[in-house]
Structure formats: structure tokens, C-alpha cells
Amino acid sequence: MRAYLLWLVLATLLPGVVGAALLFVNQYQKGRAQVERKTLQTVRALVNNVDNRLDKARAIGQSLSILNAIEAADFPRVHRQASDALALSGVGMNLVLRDRSGQQLVNTSVPWGTPLPVDRSNSLDKVFASGEPAISNVFTGPVSGRPTVSVDVPVREHGELRYVLSIRLRPEYFVGILTPESIPEGATSSIFDRDGIIFMRNVNPEKNIGRRVAPPLYAGILRAPEGVIDSRTQENVEVLTHFSRVSGSGWGVAIGLPRAKLRAELAEQLALMAGVAVVLFAVGLCLAWLIGGRLARSVQALSGPALALGRGVRPDTTDEFYVRETADVAAAIHDAALLLERRSLELAAKESALRETHMLARFGTWHWRLGEQSIEVSDSVPHIFGRALPPFAQQRGALLTDESWEQVRRLTGELARVGGSGKLQLNALHADGHRIWLDYRCESVHGPDGAVVALRGSMQDVTERVRAEEALRQADQRKNEFLAMLAHELRNPLAPIASGAQLLGQASLDPARVQHISAIIARQARHMAGLVDDLLDVSRVTRGLVVLAKERTDLNAVVRDAAEQVQSLVRDKRHTLELKPLPQPAWVLGDRKRLVQVVGNLLHNAAKFTEPGGRIEVALSLEADQLVLEVRDNGIGMLPAELERAFDMFVQGERTPDRSLGGLGIGLALVRSLVELHGGSVGVASAGHGMGAIFTVRLPRLADEVAPQETASRLDGLAAGGLRVLVVDDNVDAAQILAMYVGAQNHAVEVRYEPESALALAPGFAPEVCLLDIGLPGMDGHELARRLRQLPGTRGALLVAVTGYGQEQDRLASAQAGFDHHLVKPVDMAALEAILQGAPAVLAARRAA
């Protein structure tokens, strides 16, 4: 039986070993063929590179053969020009110019004037005979005494072949070809001429340049232009040589791969296979010997492997069996164990990937057996909390907030009693002290009798999602509040405007009543325009469209100008406004208009949110290289939550149902943006509700220098009476209202609703001031202004744009069109009146110029 089992093992293993050996041999042959193909491709590429280098030398020679100095027989100049050209072309080259006798006339490898030998060669005779360029074999240069190759080109004068110009190449000319990057590791490579003489070699070049390649290789290159042969190197190393030659010049490249390296690879594979075969034979023979000795216990021995398989460990199959079927069963159990082991490894790898995924997603699982204190958790759970998970009783106040701990206790208690599942959103404490939000899920695990024996579930850190949702809710709330505010703020002035318009339609109104209603409509229109201007200002600032006109500005003057702007509101609310400027100039580099807007917004905000009879203080102070502006009030103050977002867009403090405080909630956002554009910062502090607020602006300070004195005296306001004014607007009502206002100032007014009729009127009327709408039909106001500037009678007129477009690019466009002023509808009549009052002085200056 033992002999039978031994023959069985041999019969089983030998075919596999033989098949593996045949497969290895086949793979080795394929691998060798692939190496030969790749190496031959490398040789071809190197041959092409050699051919390109020779072509380059030929091209250089042909370029130098047409030098004017050669035709003029000015050989010193030929020497100088050729040396300069070859210095730019690379190393390893020199030029030799010879006549038909072989006498060297020029040789750039030695200084001019050095005696030169007769250098007659077969290549020289060939060029003179054929008139075509030629490439020599390797020879020893008569001047340099080094191995050299000559690329010879003919030089003709008036159609006659007079000289041969040779580009002599030394081995270093090809040094960039046989590099470690282009040759396989450990290989020997050579560049040789048509007679097999080595001109460049990567191994021992100093000993081999000028010698012929090894005889086997020489015989191979004589038989075929390329191929693969067994050869030996000059160092007597056995190599598998790959060679290729250029069909034109006959030059070639050879790469020899050491055969020892290829054999070592094969021997390594054969040794591995032999070792595996020996081990398999030894194991098989031992098993057969043991099984043959214990056939009687074969069936009983199957119980051990079966139990091992059930425990998940590799079974012991060294017991002996009598019959083949029991051996097959044992082998099957062993194979099943190996498969389970492999599956276990795959499962472990997947579990590792799952753990990493849980870590990235901050997701973890847990399992809690009822009656036990400890909770089994996945490896990612401590990563979520930054520490290990303690028993549930110890999590209160340390891991979970009191409220969250109570929620978990109630849910787990209910699921432990009645089963089911549930989920919570919990607030937990991270180990580093910050709070996190958890998505907590739990379900019951039932035993065979249906009773709940454990709870299991998952938890995930959803802090970022919760914060994002809260931010979206707040943004949506602010958006809705802003839309409501905007609707309210726009309806407030629209109501008196609409009512006033209806009253003005009554014929029985007395002039005083009409004037009062007109004042109301104008005031409310200015209020609406202010709201729109605020919105446009914020839009321009947030989109980066505001261009600051920065100049040296005294912040004391800015504070005074801003205080004048809010005087009416301060008087109406009976506030006390105290200014504390610096005793010396407070210079900053900024846009004065925008800085006044900043301080004015802060003062307006303080006056609005301070109860009547309150106190507002504006103080300037110095801190190192900064100027500090404080606006302090004793108004309603701010809560901590309001302080955090006081400068956010569309955010306001406490609102009353009647919206008595008004506003769109964009003033402070505009303040912060403008201050930051000036390189400064703004902050707010408040002790709480009813305790007032302190707004602090910090701006970079300029050095205290003497401010330039104003040399130009202000012109006294001249009488505006007697001006000829032309009003052009396609809106009939707007044109007539504007004309009525200008006419009330004792000016002569003409109104036109179309640009063509205005151009027809201008030569005869000769207006001194033109109030032009921009959005005119057919021809816009810009083009109308340009045409008026071309007419003799209106070339020096004062042009004023009256338009609904008020952005910076609109003002720039009107200035480029020739307008002197730009007014935005509804027109500020005070600004128009100031323009008309100053017009005589401007017109007089233009006439004088």
C-alpha cells in the first residue's frame, strides 16, 4: 500500500512539474525574444542618432563651404570665422581646408600660422573625383594624433572644384549618444565605421577606440546590415550582441548584453521550481508513508479535520487513511480550510478598507449586550470623540451633554423593553473641548426566545452638515427679512408720493398747498433715491467695482462733514452730539467722500438706535501708526449674538412692528467694506441690551507733514440770472418739471423732446447750459453732447447729464462724451441750483481761454 501511495504521489506531481518546466522554458524564450526586439529597437534608435550627428557635421561643412573668405583666399579670416562657428556648434569638431594636393590650408585645431602637413586621403580623392560629400573611416589625425573621422564636402568657385572642406570629428562628438539612459544596464555598446573600427565605446573607451570590433561581430556586420549574434567583448565577456548599420554611410552601433545575466535569471527560476518540486515531493512522500501505516484509523481521523474546519483553523491532515475516498475527503477539508483562510484574508482587507472609510466619514458602529457595562465599538468611534468610549453611565457630562445623555437613556430603555429601532441627533463633547453633533441610530437584537438581548447601532459626526444647515437657515431668514424690510421701506415713501400726486391733480389747490405737497414728494423721492444708492453702493463694493480716489485727507475734517450730514436727525431726536477731534491734523490716505460716508453711517446708526434725548460722542485718538475713531452712544446696545454678525449684510438689531427705526440693514456692511478698502478695520463692543454701543474704526496713519496751502481762492457765487438753458428729455413730464424749476430761477429755458430738434434749435438759441437726458430715442445723450461740442455756438456751453444711470462706469462714459456734470434722477435740485450759480464763472473762464 505504501508503494502504491508513493507511485500515486509521483504520478500526480510529475506531470505538473514537467508542465511547469515546459511553460517556464516557453516563457523564457518569449522573454528572450522580447529582450532582443527591444534591444534591436534601441540599436536602431542609436544608429539614427549617429546618422543624424554625421548629417549635422555635413550640414555644418556645407554651410562653411560658402564663406566669402574662402572665395577671396583670405585663409586667416576663414580660420577665425570657422573657429567662431564651430565653437557654437558643439565640442569634438574642427575644420580643415585642403587643396587638390592634400595640403592643409586651414586647420582650426591649431592657431593660425602653425605649419600644416600634407594630408592626402582616399576620401579627399573621392570628393575631387565625384564632386559629392564623403565620410571617411576612422584614422589618426596628422595634426592632433588622435582617432578622427572626416566629413568632407566640396568647395567650388565659379563652378570649378577648388578645395575640400573637412569637418574633423573626434570621439567626444558622440559622447551624448552612449549614455546610461539609452543603453540597458550592464550592456557594452560601441559606435563603429564601415570597416568595423570602433570610434566610441561606453566601456574602456581609451583602450578600444581605433581598434576593430571583436571578430564574431565583424563577421556579422559583413553578412547583414543588422542582426543578433553570440559574441565576446574586447574584455572577453560572453554577450548576446545586437547590431545595426546605416545604409548610406555604413556606420553602425552594437549593444552586447551579458549572457551571464540572462542565464542567472533562468537559473533563478529553475532553482525556485526545483525547490518547490522537492518540497512537494517530500511532503507527498511523507504523507503517503504515514497514511499507508495507519489505514485502520482513517475514518476516525476525519473527525479531527472536520472539527478544526468548524473552529476556523487550518486542519491537521497528517493522519493515515486506508481508502482513497477518506483521503479525498481529508484533502477536500484541507482545501476548504485554505479557501476559508484566503477568504478570511480578503475579508480582513475589506474590513481594513471599511475602517479607513469610517475614519474619513467619521462614522462608527457599536454593540451593547444588555447586562454588561462596556460597549463594543468600531475602531472609528474613538476617532470621532478623540478618546476611548467609557461605559454609558460615565458618559454623562463627560462625553454627552446632560440632555443628550437623557435622550439616549430613554431611547435605549424603551428599545430594551419592547424592541424596535430609533434615531436621535445628539450634542457631544470632543476631547479637545469643542462640541460636535452626532447622527445616532439604534436597533434591538433579539435572542432565540424573542427577547431583546442586545442593542446595536451607528453614529456619525454630522457637525459640518448641522452648521451648514443652520447657516442656510439664517441666510434664508435674513433674505426673507431683507425682502420684507425693502418692501416696507419702499412703500413708506411711495405712499406720500402717490397721495401727493393725486392731490396735485385737483384744480382747487392754492399755491402754498402745491408748494407744500411738492416739498413732500421731493423729500420722499430723495429718500427713495438714498435707498437705491445704498443698495448700489453695497453691490459695487461687494463686486470690487469701487475705485477709491485716495488723497491726503484730514480725518478731523471728515468727522465735521459727517456730523453736518446727520444734524437734522440729531435735532429731531434731541440728541447731544459731542465731537472730540485731535488738536493736530489727523492725516490718512483715503477717499474723502467714502470716509465721510463711513463716519456718517456710524453716526446715523447711533442716532437711530438711541432713544430721544440721548448722547453720541465721536472721538479721535492716536495709536502708534494708526488713527482710531470711536463712535459711542448710550442707545439700545447689542446682545452677544448680535455683535457677532453686526457687520453682516441685511442684519439689523431688534425691530419694532412699525419699523420706526427703518433702514435696510446694509449700512454697517458698507462701513466694513469701505474701511477694509482703505486698509483699516472696524469693530463693535457693547455691554449688553440698553447699555449703548461703541464702534471703533482703525485706519493707517500718514506722517505729519505740512498740508499744502490752498492757493486758489474760492469764486464768489455769481448771479445765475440771465442764462440761456436748453432742456432735452423724451419724458415730457420730466422735461416740463425741470424746465419749470429752471425758469423759476429767472433763466431763459427752451425744451425739446428729440435730439434732432435740439440740434436744429441750438445755432439760433445758443444755449449756455444744456440739461441732456442720456436715454434719448434715435441718438443717445452722449452723441448729442459730442455734436453740440462741434457747433460754434455751443462749443463752450456747460453740459449737464440728467439720467437714471448713476454707476461709476456711467459717470466715466458721460465725462468722455464731453459732459461737465452728471446728475442722477430724481435730480437733486440743490445740486442743480449750485451748478447754475457757478455757470457764469465757468463760461467766463472758457471765453477768456
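Note: the structure precedes this text.
Keep in mind that this is a model prediction, so the values were computed, not measured. Each residue is numbered by its place in its chain's sequence as written, counting from 1. Local features are withheld for residues below a pLDDT of 70 in this predicted model, meaning they are given only at 70 or higher, and side-chain atom pairs are given and counted only at 80 or more; totals for whole chains, interfaces and linings count all residues. To obtain the side-chain values, all non-hydrogen atoms of the structure were used and water was disregarded.

**Describing the overall build of the protein**
Each helix corresponds to a stretch of at least 4 residues labelled H or I by DSSP, and each strand to a stretch of at least 2 residues labelled E; elements are numbered beginning at the N terminus. The helix and strand tally for the protein stands at 24 helices and 28 strands. Put simply, the protein has 849 residues, and 40% of those count as buried. Taking the intrachain contacts of the protein between residues at least 6 apart in sequence as the baseline, contacts between residues at least 24 apart amount to 61%. The accessible surface values rely on the Shrake-Rupley method and a 1.4 Å probe; as for residues, cover is taken only from the protein chains in view. By element, 55% of the accessible surface of the protein is carried by carbon and sulfur atoms, the whole surface being about 45,400 Å². Only protein chains enter the area calculation, which uses a 1.4 Å probe; residues under 20% of their type maximum are buried, those over 50% are exposed, and those in between are partly exposed. Between two residues, a contact is recorded if the distance between any of their heavy atoms is within 4.5 Å.

**A look at the packing of aromatic side chains**
A pair of Phe, Tyr and Trp rings is counted when the ring centres sit within 6.5 Å of each other, with Trp represented by its six-membered ring. The angle between the planes then sorts it: under 30 degrees is stacked, over 60 is edge-to-face, the rest tilted. Using the criterion set out here, one finds 8 aromatic pairs in the structure. Seen from their ring centres, W366 and Y440 are 5.6 Å apart, and the 15 degrees between their planes marks the pair as stacked. Of this pair, W366 sits in strand β12 (residues 363-369) while Y440 is found in strand β15 (residues 435-446), placing the two residues 74 residues apart along the sequence. Each member of the pair W366 and Y440 is classed as buried. Where W368 meets F392, the ring centres are 5.5 Å apart and the plane angle is 40 degrees; that geometry is what we call tilted. With W368 in strand β12 and F392 in the loop between α11 (380-385) and α12 (402-418), this residue pair connects regions lying 24 residues apart in the sequence. Owing to a relative accessible area of 15%, W368 belongs among the buried residues under this scheme.

**Points about the sheet that holds strand β24 (residues 724-728)**
In this scheme, strands are said to pair when DSSP sees at least two bridges between them. With respect to topology, 5 strands assemble into an open sheet ordered β25-β24-β26-β27-β28, the strand pairing being parallel. The sheet is open, and its two borders are formed by β25 (748-752) and β28 (821-824), each paired with just one other strand. Put simply, the sheet's adjacent strands are angled 20 degrees from each other on average, direction ignored. Where β24 and strand β26 (residues 769-773) come together, 4 bridges link them in parallel fashion. Across the sheet, residue V725 finds its bridge partner in β26, namely V769. Fitted lines through C-alpha atoms give the axes, limited to the stretch in contact for helices. The angle between two N-to-C directions lies from 0 to 180 degrees.

**With respect to a nonpolar patch on the surface**
Among the surface-exposed residues, L272, V276 and L280 lie close enough to one another that they form a single nonpolar patch of about 270 Å² accessible area. Along the chain, V276 turns up in helix α7 (residues 259-293). Put simply, a patch holds well-exposed residues, over 30% relative accessible area, that have no salt bridge, with like charges counted together within 9 Å and Val, Leu, Ile, Met, Phe, Trp or Tyr side chains within 5 Å. Any carboxyl oxygen of Asp or Glu within 4 Å of a side-chain nitrogen of Lys or Arg constitutes a salt bridge here.

**Comments concerning unusual backbone geometry**
Only a minority of non-glycine residues have a phi that is not negative, and only a minority of peptide bonds are not trans. Omega for the peptide link from K825 to P826 comes to -10 degrees, which places this bond in the cis form. Following the sequence through the fold, P826 ends up in the loop between β28 and α24 (829-848). Residues other than glycine seldom take positive phi values, yet H158 does so here, at roughly 55 degrees. Position of H158 among the secondary structure elements: in the loop between β5 (147-157) and β6 (160-169).

**A few points about the pattern of salt bridges**
The tally for this structure, following the rule as stated, stands at 35 salt bridges. Two residues, E235 and R201, come together in a salt bridge whose shortest N-O distance is 2.8 Å. Note that E235 is positioned in the loop between β9 (226-232) and β10 (238-245) and R201 in strand β8 (residues 198-201), a separation of 34 residues in sequence. Across the pair D439 and R441 runs a salt bridge, and its minimum N-O distance is 3.7 Å. Look at D439 and you get buried, because its relative accessible area is 16%.

**Description of the environment of L424**
Within the fold, L424 resides in strand β14 (residues 421-429). L424 sits 13 residues away from L411 along the chain, and the two C-alpha atoms are 8.7 Å apart. When near neighbours in sequence (up to four residues on either side) are disregarded, L424 contacts Q407, V408, L411, L438, D439 and Y440.

**Some details on the nonpolar core**
Among the buried residues, those of types Ala, Val, Leu, Ile, Met, Phe, Trp, Tyr and Cys that are joined through side-chain atoms within 4.5 Å form a nonpolar core. Counting residues in each nonpolar core, the largest one holds 45 residues, and the members touching the most others are L165, I167, L169, F174, I191 and W251. Sorting elements by how many residues they give to this core places helix α1 (residues 2-64) first, with 8 residues. With near-sequence residues (within four places) excluded, L165 lies in contact with G61, L64, S65, I70, L95, V96, L97, V151, D152, V153 and V155. Counting residues in hydrophobic clusters, the runner-up holds 37 residues, among them V558, V596, A606 and V618.

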